[in-house]
Amino acid sequence: LQPYFRIMDAFKGKYERISADKYDELLKELQVGFLLRKAATASTPVVEISENAGTWSIKSATTLKTVTLSFKLGEKFEEATPDGRQVSSLANFENGKLTIVQTAQKEGEKSTTSVRELVGDELHYTITVDGSDIVCVQKFKRV
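Residues numbered from 1 in each chain as written. Predicted model: local features only at pLDDT ≥ 70, side-chain atom pairs only at ≥ 80, totals over all residues. Heavy atoms only, no water.

Novice: What am I meant to see in the environment of Asp 133 here?
Specialist: Along the polypeptide, Asp 133 turns up in the loop between strand S9 (122–129) and strand S10 (135–142). For Asp 133, a relative accessible area of 74% puts it in the exposed group. The spacing of Asp 133 and Glu 29 is 104 residues in sequence and 10 Å in space, taken between C-alpha atoms. (Helix = DSSP H or I, 4+ residues; strand = E, 2+ residues; numbered from the N terminus. Buried < 20%, exposed > 50% of the residue type's maximum accessible area, 1.4 Å probe, protein only.)

The following block contains the structure:
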């Protein structure tokens, strides 16, 4: 596991969102209400990625809300997503990409896959919804 951490170390730091392609469409697909969608798309989140003793944290902060996702690579964990879904999640790091698969626990709710990768000094965050062709790509610059 040690080589993973050295490569994952490159992800550590703070990033500010500079673009969000198809974000509103993604939120609609996840059945997020109008007001919450408008607030989410208008915000400029700052994301901070850190690690302590093998536990990784991705903190996303806006003026309205701060959400922290904590996980260990390769270990399943339960979480409530910012849009309110209860999911069982699994984070893996392969080929320079951090992939988190969120499997919805409730009938009728959607499962998602997110992939974070470094492209130059930008963090690219791609989210897809199972059973949908919507691909949301958010780009963040290191701050």
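Next comes the rest of the description.
Novice: Got a minute to help me understand the packing of aromatic side chains in this structure?
Specialist: We describe a pair of aromatic rings using the distance from one ring centre to the other and the angle between the two ring planes. Enumeration over the complete set of coordinates arrives at two aromatic pairs. For the pair Phe 11 and Phe 93, a centre-to-centre distance of 5.6 Å together with 85° between the ring planes defines the contact as edge-to-face. Of this pair, Phe 11 sits in the loop between helix H1 (2–9) and strand S1 (13–21) while Phe 93 sits in strand S6 (residues 86–94), placing them 82 residues apart in sequence. Summarising the burial analysis for this pair, Phe 11 and Phe 93 share the class buried. The interplanar angle of 20° and the centroid separation of 5.9 Å between the aromatic rings of Phe 71 and Phe 77 together place this pair among those described as stacked. Judged by relative accessible area, Phe 71 falls into the buried class, the value being 3%. Phe 77 gets classed as buried once you look at its relative accessible area, which sits at 12%. (Phe/Tyr/Trp six-rings, centres within 6.5 Å; stacked < 30°, edge-to-face > 60°.)

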